Amino acid sequence: QRVLYKKNALSSNHIQQLNSIGFIWDRQDLSWNEKFDQLCAFKGQSGHCNVSTNDERNKSLGNWVQQQRKLRKKNTLSSDRIQLLNS
């Protein structure tokens, strides 16, 4: 379904039906959004976004934050994601 959707080969009825059951069109976006939500929760608890990669409880999140910073420096992070991270 995802391939057909990207090729604009799905009818609007099929798209609506899949949307109605919460179909995820882009799994990478879902994963990114889950990490972003974790970062928001971390910030809510700690008051900052400096997640340590040495903290075993937050190691995965720390690695993700580090990766986002690298992508930003390389100018390969989308402006939408930069805007979310800056909010």
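Please read all numbers here as calculations on a predicted model, not as lab measurements. (Residues numbered from 1 in each chain as written. Predicted model: local features only at pLDDT ≥ 70, side-chain atom pairs only at ≥ 80, totals over all residues. Heavy atoms only, no water.)

(A) Region of the structure containing the overall build of the chain. Within the chain one finds five helices and zero strands. Put simply, the chain runs from its N terminus to its C terminus through helices and strands in the order α-α-α-α-α. Computed over C-alpha atoms, the radius of gyration of the chain comes to 17 Å, more than 25% over the 12 Å expected from 2.2 N^0.38 for 87 residues, which places it beyond the range of a compact globule. If you line up the chain on its principal axes, its C-alpha atoms span 45 × 30 × 25 Å. Per-residue burial over the chain gives 20% buried out of 87 residues. The long-range share in the chain, meaning contacts at least 24 apart out of those at least 6 apart in sequence, stands at 30%. Taken as a whole, the chain presents about 6800 Å² of accessible surface, with 46% of it coming from carbon and sulfur. (Helix = DSSP H or I, 4+ residues; strand = E, 2+ residues; numbered from the N terminus. Rg over C-alpha atoms; globule rule 2.2 N^0.38 Å. Buried < 20%, exposed > 50% of the residue type's maximum accessible area, 1.4 Å probe, protein only. Contact = heavy atoms within 4.5 Å. Areas by Shrake-Rupley, 256 points an atom, 1.4 Å probe, with all protein chains shown as cover.)

(B) Broad picture of the nonpolar core. Listed in full, the eight residues of the largest apolar core are Trp32, Phe36, Leu39, Phe42, Val51, Leu61, Trp64 and Val65. Of all the elements in the fold, those that place two or more residues in this core are helix H3 (27-46) and helix H4 (59-73). Ranked by residue count, the leading element in this core is H3, at four residues. Among all residues touching Phe36, those that are not within four sequence positions of it are Trp64, Leu84, Leu85 and Ser87. (Core = buried A, V, L, I, M, F, W, Y, C linked by side-chain atoms within 4.5 Å.)

(C) Molecular detail of the pattern of salt bridges. In this structure the tally under the stated criterion is two salt bridges. Across the salt bridge formed by Asp55 and Arg57, the nearest N and O atoms sit 3.5 Å from each other. Looking at Arg57, the relative accessible area reads 74%, which means it is exposed. (Salt bridge = Lys/Arg side-chain N within 4 Å of Asp/Glu carboxyl O.)

(D) Seen up close, H3. Its 20 residues place the ends of H3 29 Å apart at the C-alpha level, agreeing with the 28 Å of an ideal helix rising 1.5 Å per residue. Tucked inside the fold, the buried residues of H3 contact H4 and helix H5 (79-86). Gly47 sits one or two residues past H3 and shows a positive phi near 85°. (Expected span 1.5 Å × (residues − 1).)

(E) Main features of the environment of Asn63. Tracing the chain through its elements places Asn63 in helix H4. Residues Asn63 and Ser78, spaced 15 residues apart in sequence, show a C-alpha to C-alpha distance of 18 Å.

(F) Representation of the packing of H3 against H4 in the model. With their axes 10 Å apart at the nearest point, H3 and H4 run at an angle of 110° to one another. The pairing of H3 with H4 is recorded here as roughly perpendicular in orientation. Residue-level inspection shows Trp32, Lys35, Phe36, Gln38, Leu39 and Phe42 of H3 in contact with H4, the latter providing Ser60, Leu61, Trp64, Val65 and Gln68. Of the residues belonging to the contact of H3 with H4, the class tally is seven nonpolar, three polar and one charged. (Axes fitted to C-alpha atoms, helices over the stretch in contact; angles between N-to-C directions. Parallel < 35°, antiparallel > 145°, perpendicular 65-115°, else oblique. Nonpolar A, V, L, I, M, F, W, Y, C, P; charged D, E, K, R; others polar.)

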